[in-house]
Protein chains: 4
Amino acid sequence: MQFASDNSSGAAPEIMAALSAINEGYAPSYGADGAMDRVRRLSREIFEAPEAEVYLVNNGTTANALSLATYCPPWGAVYCHEAAHVEVDECGAPEFYIGGGKLVKVRGEDGKMTPETLRRAIEATPQGFVHATQRGAVTLTNVTEAGTVYSVDEMTALCAVAKSYGLPVHLDGARFANALVAADASPADMSWRAGIDILSLGGTKNGCMGVEAVVLFDPSKAWEFELRRKRGGHLFSKHRYLSAQMEAYLTDGLWLKLAAIANARAERLADGIAAFRSAAFLHPRDANMIFAALPRRLHRTLHEAGARYHLWPHAAMLDGPEDDPVGARFVCSWSTTEGDVDAFLAFIRDRD
Amino acid sequence: MQFASDNSSGAAPEIMAALSAINEGYAPSYGADGAMDRVRRLSREIFEAPEAEVYLVNNGTTANALSLATYCPPWGAVYCHEAAHVEVDECGAPEFYIGGGKLVKVRGEDGKMTPETLRRAIEATPQGFVHATQRGAVTLTNVTEAGTVYSVDEMTALCAVAKSYGLPVHLDGARFANALVAADASPADMSWRAGIDILSLGGTKNGCMGVEAVVLFDPSKAWEFELRRKRGGHLFSKHRYLSAQMEAYLTDGLWLKLAAIANARAERLADGIAAFRSAAFLHPRDANMIFAALPRRLHRTLHEAGARYHLWPHAAMLDGPEDDPVGARFVCSWSTTEGDVDAFLAFIRDRD
Amino acid sequence: MQFASDNSSGAAPEIMAALSAINEGYAPSYGADGAMDRVRRLSREIFEAPEAEVYLVNNGTTANALSLATYCPPWGAVYCHEAAHVEVDECGAPEFYIGGGKLVKVRGEDGKMTPETLRRAIEATPQGFVHATQRGAVTLTNVTEAGTVYSVDEMTALCAVAKSYGLPVHLDGARFANALVAADASPADMSWRAGIDILSLGGTKNGCMGVEAVVLFDPSKAWEFELRRKRGGHLFSKHRYLSAQMEAYLTDGLWLKLAAIANARAERLADGIAAFRSAAFLHPRDANMIFAALPRRLHRTLHEAGARYHLWPHAAMLDGPEDDPVGARFVCSWSTTEGDVDAFLAFIRDRD
Amino acid sequence: MQFASDNSSGAAPEIMAALSAINEGYAPSYGADGAMDRVRRLSREIFEAPEAEVYLVNNGTTANALSLATYCPPWGAVYCHEAAHVEVDECGAPEFYIGGGKLVKVRGEDGKMTPETLRRAIEATPQGFVHATQRGAVTLTNVTEAGTVYSVDEMTALCAVAKSYGLPVHLDGARFANALVAADASPADMSWRAGIDILSLGGTKNGCMGVEAVVLFDPSKAWEFELRRKRGGHLFSKHRYLSAQMEAYLTDGLWLKLAAIANARAERLADGIAAFRSAAFLHPRDANMIFAALPRRLHRTLHEAGARYHLWPHAAMLDGPEDDPVGARFVCSWSTTEGDVDAFLAFIRDRD
């Protein structure tokens, strides 16, 4: 009963095999390895973006912070959803990398900004007024932190708002593959064609050991990005191990296959939960995360039985009246089996 | 003929095995994995430092920059050897993490500061004078960038100078295992007993895939370090893969065995080079790196034959008179075989 | 009809005289002048704080940003009212000086936090959770940005909340003298006795040419503050001109006399406005600022007649239906005369 | 006997008069005052640069740090003379404002870089090598810290070196007027025509109370500069008092007249010192500063008699053998009289 995070899962067999294979012999360090060339080629193909530049880093916080610092000046406001990872979960990494920027929270149901809430937030930053933080950049997240998925149309509409103010747009795609599968969209449609300038493309949560790609659709920013990456301590010496993971991940659609499994398991789980009397969804399920409330007593029983998942939005809500509904997040990954889901559902069903 | 860097080598079989083993099942993320507990225990034992705190990061630049930022305020001067990695090879990462600090170059032959050059540099920073950068911290490197090794006595003497000014001392131990083996010293003697407050303990160059430990001998700095690590984007989500590497590395003296191989190979190589008419050493060889000058024509021939190593101190010195001596750095690693060394020596011998 | 800001007023005659007097002969630079000694002595007396340290800077943004940077680490959250100058009007200076901190907006009517809204904001920052920004410091503003004044009791209650979480408290006292006069409180009661650790004490808006004091009630932070001031470019070379202003300002209660004039003029203005049919106050008037709505047509007429004040909360609201109420801020200063107020009131009365 | 610094002098009568005059009535704050318009007009005329933008700040450290931050990215190296104010006397302000940059020291006799030493320093920064700090900007100082003056030709030659590497050039002109007078050069020839992109134009040391101008010859950088100024806390609210000083300073050549006096006094002083048996110049005198060695006993006697000047390069060199030569810096200002100089010379002559 392991639904804590897709970060708790291991690496997929294809990734492990690639690491073993790349381990033979000597390889140039710091990204000059052949596998990185292949990652570059693959990414350009997959994104239908022959000019795009791609860099690998070790985690999502890094990918986001470096991307925002590349596109937002120190005096810039970054518009993000109020629940965004950059705002809530990165201990100020964006502000640190930007050099003292300000994150401006945009509201919206189910983890999504709307063109209206985004526009209102941008308008609230006075333009060309030297006393205020300036308009800097917009960052979206897909899959959102509420587990929902922006459609290509929704992303395009949000990017259009940003562009109407001349603002660049970053996409936090820690679960980009899950979003693609959920929306049945092409990588290009869900990124640069929608208006995304720079993408954090997650690998770690979806079957890699620890690698994220940053895709710059505007190659003129590439050298600055490289310097920021190095300066942040994020240029791997034995880079081939990052390259190998990402190469395997992008080869033959492995990333989409893994994401499809995760999404399918979450669907199965959601269908099961929907049948419970005592359960209620907090957000629609679009991809591999489910947010649902269960009676507190059920959480306690699950907890004692060793189930692993996060109460939501806060941990430590186990204390209180027995029957009160308490929110929780359940995440499926590439390694979640149908059996895992069914066992979990059976456990709850018996106590519903 | 692969002597470019210990970064060009792969990961040792024990490390790969540990990664495979840890890959099974689910594990808490962000350092809460059981392997990290074992790394903590092992480190404390090995360093005879039951209070020490240990954190894992992905590379040496990070380990150094975070360590210095933890010990040096933004207005502080960091005293380092003029050839130190922090000064020369990190694109300003220390200055970035410190928040605008100043690196002050200390002179010294063969990559080593002396108590006199260090004292002179510190004295040149006016004390308590608000117009000047303040005295902040000292950072040593062992193995040095010239391939030499500070003895425990030398380190103790340098730390004593630092301490006489109330300054903390960081040790860049990217090749700490090689230094230990070369000096036949204990980890405690070459770190906290000598006066080191915080240590960057290298794993990557010595047979790991990509992991460095930072050992804080003063645990009161630990929480600040954790926040700096997170904020820098250096807290791994699937942390177990870092833990597993470091656990295997420190278990049963693997780290020392691998370093002993690298050092022995470099000794064999140095012995061979010493026999050449046309060669001259630039620095004494103490560990796994050799700095020697060879006639330019020999470099050219080696280059054409596919040999990999760095001309030193600059690349791109292949142009010029045939017979001029041109410096080079040759690095051996755990994966360098006696056969590799002998073949390389034979190649040169034929053309000496 | 000049009610734009107390920043638009000139310097009081006593300040100008002090500047002329201090101009004679030579004086040590960078704060070693005798007038600064007298400022120190005066401040300690006035604040009944014999250990306090005092530093002078050129403006309020600087005083605030340096104060917050001294008390809040780079990963810290600064809790401020959502309308606070640090959040709205400083172009990210606090974030810059702190090294990438995060300002967290606290709600509250009439420019005031309440213990409840403050507590709620602090509680929303998870404690000891490495992924989130940490609790850093609280900053209050008195006179608030809405022109209201916290009583000593209100300040004490807010500081008590901060202290219950171990958080230091800064007071933005750009209009501290006006607040003192309004609350009929002693400087000590409205600062350290209430729980304030560091105070930005405004001079510029209240009859000085350009000087603000920062009062550190904990002298152990003084040296760090001095370094931050120098490093920010805020240590004046010909410091005597700052000292002379502050000395004159604090001598014989000049600061309170000037503030009393400004507050009295605002009271007279408010009384007049209260009599208009078409006017409505947006906030209570406590000190020298009035926030009131007037019909748009009246603003237009005033504007054309050369009246100077800010529409509130935004400029550029002159377009729209004639009779709609449109907010405005009217600020009186030490140089506002009763005649100025009466003329303005008469102008409106004729058109009410 | 007041030769400590031009910072110890008061403000010239014209400056005081301008401050009194501007004090009447109300004025828009934050630089929107009419006097600032006149400063802009005057500056453009004087510099024959109709597009130039001009901003006022409170001191030289600020002018330098903001200028360098505007032209040098965080990962850039700033090439400066090893004795430059930015390196020695600003407590890391440039590194702070740049966001962690590195100052690279260029050697040269008498406070001057040469094209060769500058070129060598630039060449030592590897180009396009991601591991190293990148080439960022060059900063010159005129009058130099050794009291010498670069001729227009010398400046042009240094700028040409910078430009050959595509690097922008900043001029620290804290004593720009003294340099102009000494070199008998036009402001345009000694700035943009020589290749200067941005100039710190000193007022404080030369008869102002506290104001420096930053002149941007490339107006496309102006808005960024304004934001950096505001964010650094350097936008004055009652800006008219900065404007009035600078307006008076630049009107009718006051700045040059004051500098001519200071230079003439220093010449008179140098001529006197040259006649002493026991004195020796450390550097040629070109402007208003003299560096000379006198026997230690003479310094002691002068010190006891209340003379004020700095021993050089360090204070606190009064201890030691009586007759040893000890360096000192003597600075004349606009307020130094011939009588002051003669009295000082007479005092020494009697003891020579």
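Labelled according to an unreviewed UniProt entry, chain A appears under the name L-threonine aldolase, originating from Albidovulum aquaemixtae. Looking at chain A in UniProt, the text filed under Cofactor (unreviewed entry) is "pyridoxal 5'-phosphate". Under the UniProt heading Subunit (unreviewed entry), the note attached to chain A is "Homotetramer."

(A) Examining the interface of chain A and chain B more closely. On the chain B side, the residues contacting the 47 residues of chain A number 47 residues. Together, Tyr26, Arg231 and Lys238 of chain A form the three largest contributors to the area buried by chain A at its contact with chain B, with a combined 20%. Scanning the region where chain A abuts chain B turns up zero salt bridges. On the surface where chain A and chain B come into contact, there are 43 residue pairs in polar contact (both at pLDDT 80 or more). Sorting the residues of the side of chain A that touches chain B by element identifies α1 (13-22), α3 (60-71), α5 (93-98), α9 (222-231) and α10 (240-250) of chain A as the ones contributing at least two each. Here the side of chain A that touches chain B is built from residues that sort into 16 nonpolar, 23 polar and eight charged.

(B) Broad picture of the interface of chain C and chain D. Counting residues at the interface gives 47 residues for chain C, matched by 47 residues for chain D. Buried surface at the junction of chain C and chain D, both sides included, amounts to about 4,000 Å², of which 52% is carbon and sulfur. If you sort the residues of chain C by the area they bury against chain D, Tyr26, Arg231 and Lys238 of chain C come out on top, with a joint share of 20%. One can count zero salt bridges joining chain C with chain D. Joining chain C to chain D, the criterion identifies 42 residue pairs in polar contact (both at pLDDT 80 or more). Those elements that provide at least two residues to the side of chain C that touches chain D are α1 (13-22), α3 (60-71), α5 (93-98), α9 (222-231) and α10 (240-250) of chain C. Across the side of chain C that touches chain D, the residue classes break down as 16 nonpolar, 23 polar and eight charged.

(C) Region of the structure containing the packing of aromatic side chains. One pass over the structure, following the stated rule, counts 50 aromatic pairs over all chains. Ring centres 5.2 Å apart and planes at 70 degrees place the aromatic pair Phe96 of chain C and Tyr97 of chain C in the edge-to-face group. Judged by relative accessible area, Phe96 of chain C falls into the buried class, the value being 11%. Among the aromatic side chains, those forming a connected cluster through ring pairs are Phe47, Phe176, Phe217, Tyr249 and Trp255 of chain A. A cation over an aromatic ring shows up here: Arg351 of chain A above the ring of Phe347 of chain A, its NZ or CZ 3.7 Å from the ring centre. Between the NZ or CZ atom of Lys221 of chain C and the centre of the ring of Tyr71 of chain C, over which it lies, the distance is 5.0 Å.

(D) A look at the packing of α3 of chain C against α9 of chain C. Residue and element names in this part refer to chain C. Closest axis-to-axis distance for the α3/α9 pair is 10 Å, and the angle between their directions is 135 degrees. What the angle tells us is that α3 and α9 run oblique. As α3 packs across α9, the resulting crossing turns out to be right-handed. From α3, Leu66, Ser67, Ala69 and Thr70 reach across to α9, where they touch Glu224, Phe225, Arg228 and Arg229. Per-class residue counts for the contact of α3 with α9 are three nonpolar, two polar and three charged.

(E) Layout of the UniProt feature "domain: Aromatic amino acid beta-eliminating lyase/threonine aldolase" (unreviewed entry) in chain A. The sites that carry the UniProt feature "domain: Aromatic amino acid beta-eliminating lyase/threonine aldolase" (unreviewed entry) are, in the present numbering, residues 2-291 of chain A. Secondary structure across residues 2-291 of chain A divides into 40% helix and 15% strand, with the first and last C-alpha atoms of the span separated by 15 Å.

(F) Main features of helix α11 (residues 254-274) of chain C. With 21 residues, α11 of chain C extends 30 Å between its outermost C-alpha atoms, agreeing within 8% with the 30 Å of an ideal straight helix rising 1.5 Å per residue. Residues of α11 of chain C that are buried: Leu254, Trp255, Leu258, Ala259, Ala262, Asn263, Arg265, Ala266, Leu269, Ala270, Gly272 and Ile273 of chain C.

(G) Representation of the relation of the copies chain A and chain B within the structure. It takes a turn of 180 degrees to lay chain A on chain B, together with a shift of 0.0 Å along the axis; the resulting RMSD is 0.0 Å. Here the two chains are linked by the operation of a two-fold rotation axis. No C-alpha of chain A approaches the rotation axis more nearly than that of Gly232 of chain A, which lies at 3.5 Å. Most of the interface of chain A is mirrored in chain B, where 100% of its interface residues again form contacts.

(H) Local environment of α3 of chain A. All names here are of chain A. Given a rise of 1.5 Å per residue, 12 residues ought to cover 16 Å, and the 17 Å separating the end C-alpha atoms of α3 matches this to within 8%. Of all 12 residues in α3, 11 are buried, a share of seventy percent or more. Listed as buried for α3 are Thr61, Thr62, Ala63, Asn64, Ala65, Leu66, Ser67, Leu68, Ala69, Thr70 and Tyr71. Capping the start of α3 is the job of one residue whose side-chain oxygen sits 3.2 Å from the backbone nitrogen of Thr61: Asn59.

(I) Looking closely at the sheet that holds strand β9 (residues 289-295) of chain C. All names here are of chain C. Read from one edge to the other, the open sheet built from four strands follows the order β8-β9-β11-β10, with strand pairing classed as antiparallel. Across the chains shown, the open sheet's two edge strands, defined by having one partner strand only, are β8 (280-281) and β10 (310-311). Pairing of β9 with strand β11 (residues 325-331), which is carried by seven bridges, proceeds in the antiparallel orientation. Note on β11: the bridge partner recorded for Pro295 is Pro325. Contacts from helix α12 (residues 296-304) reach β9, β10 and β11, with the element oriented near 110 degrees to β9.

What counts, and at which threshold
Within any chain, residue numbers begin from 1 and follow the written order of that chain's sequence. Here chains are named by letter from A upward and ligands by number from 1 upward, in the order in which they appear as written. This being a predicted model, a pLDDT of at least 70 is required before a residue's local features are given, and a value of 80 or more before pairs of side-chain atoms are given or counted; all residues contribute to the totals for chains, interfaces and linings. To get the side-chain values, all heavy atoms of the structure are used, and hydrogens and water are removed first. UniProt positions are given in the numbering used here, feature names are shortened, and annotations may be inferred rather than shown by experiment. Here, two residues are considered to be in contact whenever any of their heavy atoms come within 4.5 Å of each other. Take the accessible area each of two parts loses on contact, using a 1.4 Å probe, and add the two losses: that sum is the buried area. Every case where a carboxyl oxygen of Asp or Glu lies within 4 Å of a side-chain nitrogen of Lys or Arg is listed as a salt bridge. A 3.5 Å cut-off defines polar contacts: any pair of N or O atoms within that distance qualifies, except that in protein one atom must be a possible hydrogen donor and the other a possible acceptor, and neighbouring residues in sequence count only when both atoms are side-chain atoms. Note on conventions: DSSP H or I runs of at least 4 residues are helices, E runs of at least 2 residues are strands, and numbering of each starts at the N terminus. Polar here means any residue outside two lists: the nonpolar Ala, Val, Leu, Ile, Met, Phe, Trp, Tyr, Cys and Pro, and the charged Asp, Glu, Lys and Arg; Gly therefore counts as polar. Each pair of aromatic rings taken from Phe, Tyr and Trp, with Trp reduced to its six-membered ring, is defined by centres within 6.5 Å and is described as stacked if the planes are under 30 degrees apart, edge-to-face if over 60, and tilted in the remaining cases. Between buried and exposed lies partly exposed: a residue is buried under 20% and exposed over 50% of the maximum accessible area for its type, with that area taken using a 1.4 Å probe on protein chains only. Two conditions define a charge located above a ring, namely a distance within 6 Å from the ring centre to NZ of Lys or CZ of Arg, and an angle within 35 degrees of the ring normal. For helices, the fitted line uses only the C-alpha atoms of the stretch in contact; every axis is such a line through C-alpha atoms, and the angle between N-to-C directions lies from 0 to 180 degrees. An angle below 35 degrees is treated as roughly parallel, one above 145 as roughly antiparallel, one from 65 to 115 as roughly perpendicular, and anything else as oblique. For any pair of crossing helices, the crossing counts as left-handed if the nearer helix is rotated counterclockwise from the farther one by less than a right angle, and right-handed if it is rotated clockwise. In this scheme, a helix's expected span is set at 1.5 Å multiplied by one less than its residue total. Copy-to-copy superposition: least squares on the C-alpha atoms, limited to residues that have pLDDT of at least 70 in both copies. Strand pairing is assigned whenever DSSP identifies at least 2 bridges connecting the two strands.

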